[in-house]
Amino acid sequence: MAENRERSGHVLVWEQADMATDEGILPASKNKRSVNLRVVWVSQRFGTRHYIVFMLFLGMANAYVMRTNMSVAIVAMVNQTAIEKDAEVFDDECPDTDYGDDKDDSEREGEFIWSTSMQGYILSSFFYGYVITQIPFGLLAKKYGAMRFLGWGMLINSVFAFVVPVAARQGGAGWLIAVRFIQGLGEGPIVPCTHAMLAKWIPPNERSRVGSIVYSGAQFGTVISMPLSGLLADHGFDGGWPSIFYVFGIIGTVWSIAFLFTCHEDPVTHPRIREDEKKYIQQSLWGNASVHIPPIPWMNIAKSLPFYAILLAHLGQNYGYETLMTELPTYMKQVLRFSIKTNGVLSALPYLAMWLFSIVVGWVADWMLTSGRFTHTLTRKISNSIGQYGPAIALIIASYTGCSRALTVAILTVGVGLNGGIYAGFKINHLDITPRYAGVLMAFTNCSANLAGLLAPIAAGNIIEGKPTIAQWRIVFVIAACVYLFTATFYNVFASGARQFWDDPENDEPQKPSIEAPVHSEVNGSNVGSNGTTGATLTHRTINEQSS
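Before going into details, it helps to say that this report is about the structure given with it. (Residues numbered from 1 in each chain as written. Predicted model: local features only at pLDDT ≥ 70, side-chain atom pairs only at ≥ 80, totals over all residues. Heavy atoms only, no water.)

### Let's talk about the overall build of the chain
Then comes step 1: Helix and strand counts for the chain come out as 22 helices and 7 strands.
Then comes step 2: Residues counted as buried form 54% of the 548 residues belonging to the chain.
Then comes step 3: Within the chain, contacts between residues at least 6 apart in sequence are counted, and of these 83% link residues at least 24 apart.
Then comes step 4: On the chain, roughly 24000 Å² of surface is accessible, and the fraction owed to carbon and sulfur atoms is 63%. (Helix = DSSP H or I, 4+ residues; strand = E, 2+ residues; numbered from the N terminus. Buried < 20%, exposed > 50% of the residue type's maximum accessible area, 1.4 Å probe, protein only. Contact = heavy atoms within 4.5 Å. Areas by Shrake-Rupley, 256 points an atom, 1.4 Å probe, with all protein chains shown as cover.)

Okay, here's the thing in structure tokens:
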């Protein structure tokens, strides 16, 4: 008899009576071996939880498409020849190239005459709506469930995409900023609510690869969004750029409706999940499917070093990542002298590398856990070290490659690719230390990290302003590398993969159950379920009964 942990004042027990077969009653040893084989079969078979993961992956991709498509569309929206622009400063240390001609990009004649600063306000309006809703939705998801907040939020985001062309043409920049801000509000639930759902659906030994797959949707969405948005801007309907928002708005709306109608909060409330898969998930999650979740232990969280390890790693990740993703195209143009078109293609390579590598690391991390040779703590630290030390080293090396274009691009692509290790590191670590409050903790760390990410382009802009030399860019890269190194080291010292005492169900105050477990009949000493099959039966016993 394998005992599970206490849940809402009761202990969940996985009873394994002797199993009836054609050969008679199996002894306990054979029964245990049969159960182990069945658990392996259930864990490897495609099930309902894998469909949930697939939908969350598409949701993350949709979210990043909505976030990044404006950066491509605004180039086609603005009349570039009609606005006054400061002369762009180039570094003359590296020779010019003949890698394409950028005249078509600089001579676009869009519908709107918006200054560079106004374009900045338009691009940032989505971000501010996104950031301010992180913590509220994390708290609401803990209290009311995550699935509907995620689905309805993304539906609002997608529906308002249809309004973008109308707002820009009829109301100007002010209305466009308001619409993009509302889109950001709708996307706010995507990260904390995704984390909360993963905590309820994914067994611990599958978290690394599942977390990597789901969150790598961000890179997948970006890789798809950039070239497709450019294609629609040049050849789309209704003047080109509006088709970007119509097409992605339709895709996002379809996904949101499908998610709301086919996905459920957890295995317990899902009406179509197989019973063996539901039991496998419940047992693996140590009773996380319980309806009763105690109040958030704020004081214990505030004193938790593993939480601060995740927080600092998240802060360092966003600072370093934003340095690379927002400043890399500028570096390629000002120093390496790539044309805008070639720059756009090469700038997408790091996203592609990170997406592919993150999936590989996730599978390897789960293999490390299932092999029994590595603890959750060690696995998270190894994965995170690859994900943050790798980019740090790459940034330092790239800052000394000079005018070697191919080498610089290759090193930066490898470095950002290695950054995918964070998805099996700190990014999924919230689920290890506190499955019941993972969404809340992710809301806090993601909000703080996004604010820290704002500092990266500000710092880089001030360092290279007026003098974009290789030496000045080296300072930008080394600062980002030092941030990576410090936060990754802090994580390696203080992080943990163990569930924290303040989220241990055994420490919860006993709660009286509102619904009694169904009574199963017994035939010839073997448990028989409602479908007449023999096997393991999920029953409840009070704590007093267990202790007596």
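### Observations concerning the nonpolar core
Then comes step 1: Within the largest apolar cluster, 85 residues are counted, with the highest numbers of intra-cluster contacts made by Leu56, Leu150, Ile190, Met197, Leu198, Phe259 and Leu395.
Then comes step 2: With 9 residues, helix 14 (residues 305–334) is the single largest residue contributor to this core.
Then comes step 3: Each of two domains, domain 1 (46–93 + 111–287) and domain 2 (295–501), supplies a minimum of three residues to this core.
Then comes step 4: Among all residues touching leucine 395, those that are not within four sequence positions of it are Leu324, Leu412, Phe477, Ala480, Ala481 and Tyr484.
Then comes step 5: Judged by nonpolar contacts, the second largest core, of 24 residues, contains Met66, Ala168, Ala173 and Trp241. (Core = buried A, V, L, I, M, F, W, Y, C linked by side-chain atoms within 4.5 Å. Domains from an automatic or database assignment.)

### So, helix 20 (residues 455–464)
Then comes step 1: Of the positions making up helix 20, those classed as buried are Ala456, Ala460, Ile463 and Ile464. All buried residues of helix 20 project into a common sector of 80 degrees when viewed along the axis, lining one side. (Arc of directions from axis to C-beta.)

### Some thoughts on the packing of aromatic side chains
In this description, an aromatic ring pair is defined by two values, namely the gap between the centres and the angle between the planes.
Then comes step 1: Counted under the stated rule, the structure contains 13 aromatic pairs.
Then comes step 2: Measuring from centroid to centroid gives 6.3 Å for tyrosine 215 and tyrosine 423, while their planes differ by 10 degrees, and the two rings are stacked. Of this pair, tyrosine 215 sits in helix 9 (residues 207–215) while tyrosine 423 sits in the loop between helix 17 (405–418) and helix 18 (426–433), and the two are 208 residues apart along the sequence. The same class applies to tyrosine 215 as to tyrosine 423, namely buried.
Then comes step 3: When the ring of phenylalanine 237 is compared with that of tyrosine 246, the centres are 6.0 Å apart and the planes differ by 5 degrees; the resulting orientation is stacked.
Then comes step 4: Under the relative-accessibility criterion, phenylalanine 237 is labelled partly exposed at 48%.
Then comes step 5: Look at tyrosine 246 and you get buried, because its relative accessible area is 18%.
Then comes step 6: Feature note: the residues Phe57, Phe220 and Trp355 constitute an aromatic cluster, connected by ring pairs.
Then comes step 7: The ring of tyrosine 215 is capped by lysine 427, whose NZ or CZ atom sits 5.5 Å from the centre of that ring. (Phe/Tyr/Trp six-rings, centres within 6.5 Å; stacked < 30°, edge-to-face > 60°. Lys NZ or Arg CZ within 6 Å of the ring centre and 35° of its normal.)

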